[in-house]
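Given next are the chains, with one letter for each unit.
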There are 4 protein chains.
Amino acid sequence: MGKIKENQQKKRQQLFETAFDLFTSKGIHETTIQDIAKAAGVAKGTFYLYFKDKYDLIDKLRKKKTAKLFEEAINFSRTVQYDNFTEQLLIIIEYIIDEFSNNQDLLRFIYKNLSLGMGLQNIHIDTDKEQGENTTSSIYEIFEERVKQDGLELKDPRTTLFLVIELVGSTCYNAILFDIPLPIEEFKPSLNEAVRKLLNE
Amino acid sequence: MGKIKENQQKKRQQLFETAFDLFTSKGIHETTIQDIAKAAGVAKGTFYLYFKDKYDLIDKLRKKKTAKLFEEAINFSRTVQYDNFTEQLLIIIEYIIDEFSNNQDLLRFIYKNLSLGMGLQNIHIDTDKEQGENTTSSIYEIFEERVKQDGLELKDPRTTLFLVIELVGSTCYNAILFDIPLPIEEFKPSLNEAVRKLLNE
Amino acid sequence: MGKIKENQQKKRQQLFETAFDLFTSKGIHETTIQDIAKAAGVAKGTFYLYFKDKYDLIDKLRKKKTAKLFEEAINFSRTVQYDNFTEQLLIIIEYIIDEFSNNQDLLRFIYKNLSLGMGLQNIHIDTDKEQGENTTSSIYEIFEERVKQDGLELKDPRTTLFLVIELVGSTCYNAILFDIPLPIEEFKPSLNEAVRKLLNE
Amino acid sequence: MGKIKENQQKKRQQLFETAFDLFTSKGIHETTIQDIAKAAGVAKGTFYLYFKDKYDLIDKLRKKKTAKLFEEAINFSRTVQYDNFTEQLLIIIEYIIDEFSNNQDLLRFIYKNLSLGMGLQNIHIDTDKEQGENTTSSIYEIFEERVKQDGLELKDPRTTLFLVIELVGSTCYNAILFDIPLPIEEFKPSLNEAVRKLLNE
DNA sequence: GATGAATGAGGATTCATTCAT
DNA sequence: AATGAATGAATCCTCATTCAT
């Protein structure tokens, strides 16, 4: 019963992780289902019990990884002291940049076909404030609320968030992977300044 | 013989155009070398006389298309009256956005694996001012010069240009193709405002 | 428990019927054991409790269907007034042809690998005349007896019956499915005449 | 030029023959394209240059074999002395039966999905009578003409021919392969008699 | 008896690339 | 230079069958 369900979860997870390793080390195109199954220690046919095909897996994997990254970044920002929302946002951005810098495979994988801003649509974060209620909010909702709290003057907070995220994602992709326009550490100050401008600071 | 050279150029061009049509209509992965050769009216083996493989062709094609787009946009901006460089930049941006809106296949193709900002590296535009000298400058050089002319206060013009282009490219990709965060026409004002902020206006 | 036996009978029957539907609608080759089990509402493994494999099921199914058809045809002929055996035979033939015409899937299924005449070997019909005795006779036996009753002059009645059945089955297969040599209704008079000739009428 | 065309013909023929051998020895279902290619001494991919898939090959092969058989039978009958058309027909039938008897694989192969009578549609035989003209006629046309020559009284010669062929093909299939209703040699007299009846002799 | 997750052999098909002409 | 027949590695995916629960 629960045993089987549990086992399946483990197997699915196994496939996810193995696939990610292979995708990032050999490339998506160069990784075959055969490779994944073998490395995950299951039979080829078993793969098809869990995913329609390779692209189904990739899709789900990308969503998983993007959500996890943002969740971690937001959770991290909560552990840090900050003056206002703009500061918190810069902390989040820094966290993501560092994560990508240390894990360039992840960056490469997430960015291949999907922009960061797009992935945001489906991401929901736990917001268990004071009480024990278990609520989740979309990143956009959290952002809007925080903007209000800080009294920032933004005509359309959602669009602004989108602009910021795309700017960050897109420029860091190049800075981290190719040192374009500059190595990421040298680039960060300019990026931070740009973000502040977009947020009217 | 110039005749032979010419003929080869025509054949290479034929392959480029045919490939682009197939890539945008059927998708890159779904287009085989056989398809390209057949549609271009040459034998399969002939393809290999001009390109190493499919990805060699894609690479060159992407560079060609990106360069052409920027060249057109800049040339267009020269035909228009504008007050200062920021205005010119916004005109260029608008041109590119319109071009992408009307030719979404092009957008999809250029953006698939490459960011706009990266493509800029290799783009050189003719700058034959008054005299007949035939000089070409990189987009970055042109930008720097114009910034100076307008007395804009930018610490690092190249980085700023990069930020602007990535912001535009990345957000428009989503706005045009998926109406995220808004349909492109509704999104434009926010984007323009963001660009002005980055340029300190 | 009779209950269990009964339940099993029901399940076996369910598998038979479901399989027939799938075979005739999708084709034998295109129907998988998975399909059959699913449509019958049992697990894949269960299938193997009732049949060795797909071809075991097909075999048994074909026999069942052929036997049922002949039984019905003969029973029908008993409800009709006829002058002599030739007439009765023609009535039976007509019944079968009509049945096949109205149920072409059945024809296709029975005829795929097996000829009608062959299937006759194993068919036994109840011949409970007046009394309550429960006897069964092969079709060949019934035929022989009737020939004797009518005083028909046939050197070898069994062979003649075989000839008639093959002639009918084989020609009607083509007439019904492909209008070869003629649509079945236009073809029938010729066929009837042929049968009469074979029976020395 | 001609060299290549010739080579291709040889290769196609090679595939046909190899496939037939495998089909008849191992069975159609059990023979893979891999098997055929290997046995024919060509690469797997080469198979697909000549045939769409296995069933395309089977179809063409079946037509080839059926046509060849009838052609041989008719040609043989021309070398033999006979009194009238009925006699000639019986000779042809005998030839085909013998051929099938000696080459049961051929019978099995031709009969699997196709009835003999159906295959007749597309068969054309050379009828270079006295003169050197090169005319071909369908079997049905030849039959009609001969019936006229002999003054046989048949309302519809084509239908009669069809009846005869189906009767022969269908019964012999069983007699030869399964001794049903009798071994073929013992069955022949009955069959001949039946054919005579159908032809009003 | 019933289940259905897991297996992995097996077959179809594609396609980049070579090379003799 | 141009051709296109031939190659065969590569990959996808199916499905009958088993077996632990």
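Residues numbered from 1 in each chain as written. Chains lettered and ligands numbered in written order. Predicted model: local features only at pLDDT ≥ 70, side-chain atom pairs only at ≥ 80, totals over all residues. Heavy atoms only, no water.

Colleague: Where do I start with the overall build of chain A in this structure?
Modeller: A count of helices and strands for chain A gives 10 helices and 2 strands. Going from N to C terminus, chain A has its helices and strands arranged as α-α-α-α-α-α-α-β-β-α-α-α. Long-range pairs, those at least 24 residues apart, make up 60% of the contacts in chain A between residues at least 6 apart in sequence. Carbon and sulfur atoms make up 48% of the accessible area of chain A, which totals about 10,500 Å². (Helix = DSSP H or I, 4+ residues; strand = E, 2+ residues; numbered from the N terminus. Contact = heavy atoms within 4.5 Å. Areas by Shrake-Rupley, 256 points an atom, 1.4 Å probe, with all protein chains shown as cover.)

Colleague: What is the right way to look at the protein's contact with DNA strand E in this model?
Modeller: With respect to spatial proximity, 27 residues lie near DNA strand E, and among them K44(A), T46(A), Y50(A), T46(C) and T32(D) are the closest. For DNA strand E, the fraction of atoms within 4 Å of the protein that belong to sugar or phosphate moieties is 65%. A43(C) places a polar main-chain atom, nitrogen or oxygen, 3.2 Å from a phosphate oxygen of DNA strand E. Elements with a contribution of two residues or more to the surface near DNA strand E: helix 3 (44-50) of chain A, helix 3 (44-50) of chain B, helix 1 (2-26) and helix 3 (44-50) of chain C together with helix 3 (44-50) of chain D. (Near = heavy atom within 4 Å. Polar contact = N/O pair within 3.5 Å; in protein donor to acceptor, adjacent residues only side chain to side chain.)

Colleague: What is the right way to read the packing of helix 8 (residues 139-150) of chain C against helix 9 (residues 157-178) of chain C from this model?
Modeller: Helix-helix packing: each pair is described by the crossing angle between the helix axes and the interaxial distance. All names here are of chain C. Packing of helix 8 against helix 9 brings their axes to within 9 Å, and their N-to-C directions diverge by 115°. The angle between helix 8 and helix 9 places the two elements in the roughly perpendicular class. The way helix 8 lies across helix 9 gives a crossing that is right-handed. The residues of helix 9 that touch helix 8, namely those facing I139, Y140, E141, F143, E144 and V147, are P157, R158, L161 and F162. Looking at the contact of helix 8 with helix 9, its residues break down into 7 nonpolar, no polar and 3 charged. (Axes fitted to C-alpha atoms, helices over the stretch in contact; angles between N-to-C directions. Parallel < 35°, antiparallel > 145°, perpendicular 65-115°, else oblique. Left-handed = near helix turned anticlockwise from the far one by under 90°. Nonpolar A, V, L, I, M, F, W, Y, C, P; charged D, E, K, R; others polar.)

Colleague: Sorry if this is basic, but what is going on with the environment of F51(C) here?
Modeller: All names here are of chain C. For F51, the position within the fold is in the loop between helix 3 and helix 4 (54-78). A relative accessible area of 2% places F51 in the buried class. Distance in space between the C-alpha atoms of F51 and L15 is 9.7 Å, their sequence separation being 36 residues. Apart from residues no more than four positions distant in its own chain, F51 is found in contact with R12, L15, F16, D56, L57 and K60. (Buried < 20%, exposed > 50% of the residue type's maximum accessible area, 1.4 Å probe, protein only.)

Colleague: Any chance you could explain the interface of chain C and chain D here in plain terms?
Modeller: A common way to state how big an interface is: give the accessible area lost once the parts meet. Contacts between chain C and chain D engage 30 residues on the former and 30 residues on the latter. Note on chain C versus chain D: buried area summed over both sides is about 2,600 Å², and carbon and sulfur give 66% of it. The largest per-residue losses of area from chain C upon contact with chain D belong to F162(C), L163(C) and K197(C), which jointly make up 20% of the total buried on that side. Salt-bridge contacts for K155(C) lead to E193(D); the nearest nitrogen and oxygen are separated by 2.9 Å. In this assembly, chain C and chain D are joined by 6 residue pairs in polar contact (both at pLDDT 80 or more). Breaking the side of chain C that touches chain D down by element, the ones donating at least two residues are helix 9 and helix 10 (184-198) of chain C. Grouping the amino acids of the side of chain C that touches chain D by side-chain chemistry returns 14 nonpolar, 10 polar and 6 charged. (Buried area = accessible area lost by both parts, 1.4 Å probe. Salt bridge = Lys/Arg side-chain N within 4 Å of Asp/Glu carboxyl O.)

Colleague: Sorry, what's going on with the protein's contact with DNA strand F here?
Modeller: Near DNA strand F lie 26 residues; those nearest to it are K44(A), T46(B), Y48(C), T46(D) and Y50(D). When the atoms of DNA strand F within 4 Å of the protein are sorted by group, sugar and phosphate make up 65%. Residue I33(C) places a main-chain N or O atom 3.2 Å away from a phosphate oxygen belonging to DNA strand F. Within the side chain of K44(C), one N or O atom sits 3.3 Å away from a base oxygen of DNA strand F. Elements with a contribution of two residues or more to the surface near DNA strand F: helix 3 of chain A, helix 3 of chain B, helix 3 of chain C together with helix 3 of chain D. Here the residues of the surface near DNA strand F are counted per class, giving 12 nonpolar, 6 polar and 8 charged.

Colleague: Help me understand the UniProt feature "DNA-binding region" (unreviewed entry) in chain A in this model?
Modeller: When the UniProt feature table is mapped onto this chain numbering, "DNA-binding region" (unreviewed entry) sits at residues 32-51 of chain A. Split by type, residues 32-51 of chain A is 75% helix and 0% strand. Its first and last C-alpha atoms lie 14 Å apart. (UniProt positions renumbered as here; feature names shortened; annotations may be inferred.)

Colleague: Please explain the nonpolar core as it appears in this structure.
Modeller: Side chains of a nonpolar character, in soluble globular proteins, are inclined to be buried together. By size, the foremost hydrophobic cluster in this structure holds 122 residues, and its most contacted members are F23(A), L191(A), V195(A) and F23(B). Sequence-distant contacts of F23(A), defined by excluding residues within four places in its chain, comprise I28(A), T31(A), I36(A), K54(A), L57(A), I58(A), L61(A) and F109(A). With 121 residues, the next largest nonpolar core counts L161(C), L198(C), V168(D) and F187(D) among its residues. (Core = buried A, V, L, I, M, F, W, Y, C linked by side-chain atoms within 4.5 Å.)

Colleague: I would appreciate a short explanation of the relation of the copies chain C and chain D in the present structure.
Modeller: There are two copies of the chain, and a rotation about an axis plus a shift along that axis relates them. With an axial shift of 0.0 Å and an RMSD of 0.2 Å, the rotation relating chain C to chain D amounts to 179°. Between the two chains, the operation in question is that of a two-fold axis. For chain C, the residue whose C-alpha comes nearest the rotation axis is L167(C), separated from it by 2.4 Å. A high fraction, 100%, of the interface residues of chain C reappear at the interface in chain D, so the copies pair face to face through one surface. (Least-squares fit on C-alpha atoms with pLDDT ≥ 70 in both.)

Colleague: Looking at this structure, how should I read the pattern of salt bridges?
Modeller: If charged atoms from side chains of opposite charge come close, those side chains can pair. Inspection of every chain in the model, using the stated rule, returns 52 salt bridges over all chains. A salt bridge links E87(B) to R196(B); the shortest N-O distance between them is 3.0 Å. Taken together, the residues span a long stretch of sequence, with E87(B) in helix 5 (residues 85-102) and R196(B) in helix 10 (residues 184-198) at a distance of 109 residues. Take E87(B): its relative accessible area is 23%, and that puts it in the partly exposed class. A salt bridge links D59(D) to K63(D), with the shortest nitrogen-to-oxygen separation between them at 3.5 Å. Of this pair, D59(D) and K63(D) both sit in helix 4 (residues 54-78), 4 residues apart, roughly one helical turn. For D59(D), a relative accessible area of 42% puts it in the partly exposed group. Assessed through its relative accessible area of 48%, K63(D) is described here as partly exposed. Counted as one network, the salt bridges with shared partners bring together E94(A), D98(A), E185(A) and K188(A).

Colleague: Is there a simple way to explain the interface of chain B and chain A in this structure?
Modeller: Contacts between the two partners involve 29 residues from chain B, matched on the other side by 30 residues from chain A. Counting each side, the surface lost to burial between chain B and chain A is near 2,600 Å², with a carbon and sulfur contribution of 66%. At the boundary of chain B with chain A, the tally comes to 2 salt bridges. Sorting the residues of the side of chain B that touches chain A by element identifies helix 9 (157-178) and helix 10 of chain B as the ones contributing at least two each. Looking at side-chain class alone, the side of chain B that touches chain A contains 13 nonpolar, 10 polar and 6 charged residues.

Colleague: In this structure, what is going on with the environment of L90(C)? I would like to understand it.
Modeller: Residues and elements named next belong to chain C. Mapping L90 onto the fold places it in helix 5 (residues 85-102). L90 sits 101 residues away from L191 along the chain, and the two C-alpha atoms are 9.9 Å apart. When near neighbours in sequence (up to four residues on either side) are disregarded, L90 contacts N192, V195 and R196.

Colleague: Explanation requested: the environment of F109(D) in the structure shown.
Modeller: Residue and element names in this part refer to chain D. Here F109 is to be found in helix 6 (residues 104-111). Judged by relative accessible area, F109 falls into the buried class, the value being 4%. Counting along the chain gives 44 residues from F109 to K65, while the straight-line C-alpha distance between them is 9.1 Å. Once residues within four sequence positions are removed from consideration, F109 is found in contact with F20, F23, T24, I28, I58, L61 and R62.

Colleague: Just checking my understanding: could you explain the packing of aromatic side chains for this structure?
Modeller: For any pair of aromatic rings, geometry is given as the distance between the ring centres together with the angle between the planes. According to the stated counting rule, one finds 28 aromatic pairs over all chains in the structure shown. Aromatic ring contacts, followed pair by pair, group F16(A), F47(A), Y48(A) and F51(A) into a single cluster. Positioned above the aromatic ring of F51(C), the side-chain terminus of R12(C) is 5.5 Å from the ring centre. The ring of F20(C) has K65(C) sitting right over it, with the charged end atom 4.0 Å from the ring centre. (Phe/Tyr/Trp six-rings, centres within 6.5 Å; stacked < 30°, edge-to-face > 60°. Lys NZ or Arg CZ within 6 Å of the ring centre and 35° of its normal.)

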